[in-house]
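Structure assessment
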Amino acid sequence: MYGWWLTLKNLVFPVFCKECGYWLLTEENGFFCPTCWEMSPRIGRPFCTHCGRPHAEVVGLDPPPNFPCAGCRANPPAHLRSIYGAARYDGAVAAAVKLFKFHDRPRLARPLGDLMAAFAKEHMDCDAYDYLVPVPLHRVRKRDRGYNQSRLLAESIVSAFPRAAVDESLRRIRPTRVQSTLTDHKARRANVAGAFAVVGDSVFNDAAVLVIDDVVTTGGTVSECAAALRRAGAAEVDVFAAALAVPGP
């Protein structure tokens, strides 16, 4: 019965892949065909244990253990321990993040969350965290967008972290410009400096916290979030994003 209904729906209201234009015949994703979605490069071992960016692939050998990249060895993150990303910010995943974030497509939380949950089960210690903390939006931007995409991602993956609860005590206490509109690294850092704080009674004393975001580019936003959480007593702060911006070869 459902098969006939899906066939009729696809004929009357056809949906096409946002990446290649292929006619979608299933509802597994709803925005991208299976080929484009699976072809978007995932992140796997070996990757940097601090910034999360993948190292050069090792051909013909089992992937070696993860290890710090040269940049992080020379200048390790000040407030956070590790950044994890499920995929490179490229292809259909990058298109999905943009639709999700800027074009009112909250349903993309499910496929992006599935991507993150699969990565977490393979590459992360999911029992290690007490809280999942979404990167907050300022109240004005949240009102305009209608939802916080990081909150939707946190809700979609919390079941993969048995000991963790979603917590929104971290707030954006002043409005900031959209980071993607700033190309200079220093300008991005200045844009979010001091923009976050934990409100109310602290619940993070000696806690292990995982900050959830849609995409990490320079790391300025999540670093400021981590600093605020550490000031509120968090013992360890890691970051988990659906995608990481990875420099080309």
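Here's a quick rundown of the structure. (Residues numbered from 1 in each chain as written. Predicted model: local features only at pLDDT ≥ 70, side-chain atom pairs only at ≥ 80, totals over all residues. Heavy atoms only, no water.)

Right, let's talk about the overall build of the protein chain for a bit. Of regular secondary structure, the protein chain possesses nine helices and seven strands. Here the protein chain holds 249 residues, and 45% of them are scored as buried. Taking the contacts inside the protein chain whose residues are at least 6 apart along the sequence as the reference set, 71% of them involve residues at least 24 apart. Counting only carbon and sulfur atoms, one obtains 55% of the accessible surface of the protein chain, whose full area is about 13,000 Å². (Helix = DSSP H or I, 4+ residues; strand = E, 2+ residues; numbered from the N terminus. Buried < 20%, exposed > 50% of the residue type's maximum accessible area, 1.4 Å probe, protein only. Contact = heavy atoms within 4.5 Å. Areas by Shrake-Rupley, 256 points an atom, 1.4 Å probe, with all protein chains shown as cover.)

Applying the stated rule across the entire model yields nine salt bridges. Measuring nitrogen to oxygen at the nearest pair gives 3.7 Å for the salt bridge that ties Glu38 to Arg42. For Glu38, a relative accessible area of 56% gives the class exposed. Accessibility expressed as a relative area gives 30% for Arg42, which makes it partly exposed. By sharing partners, the salt bridges in this structure join Arg81, Glu236 and Asp238 into a single network. (Salt bridge = Lys/Arg side-chain N within 4 Å of Asp/Glu carboxyl O.)

Any functional reading would require information that these geometric values do not contain.
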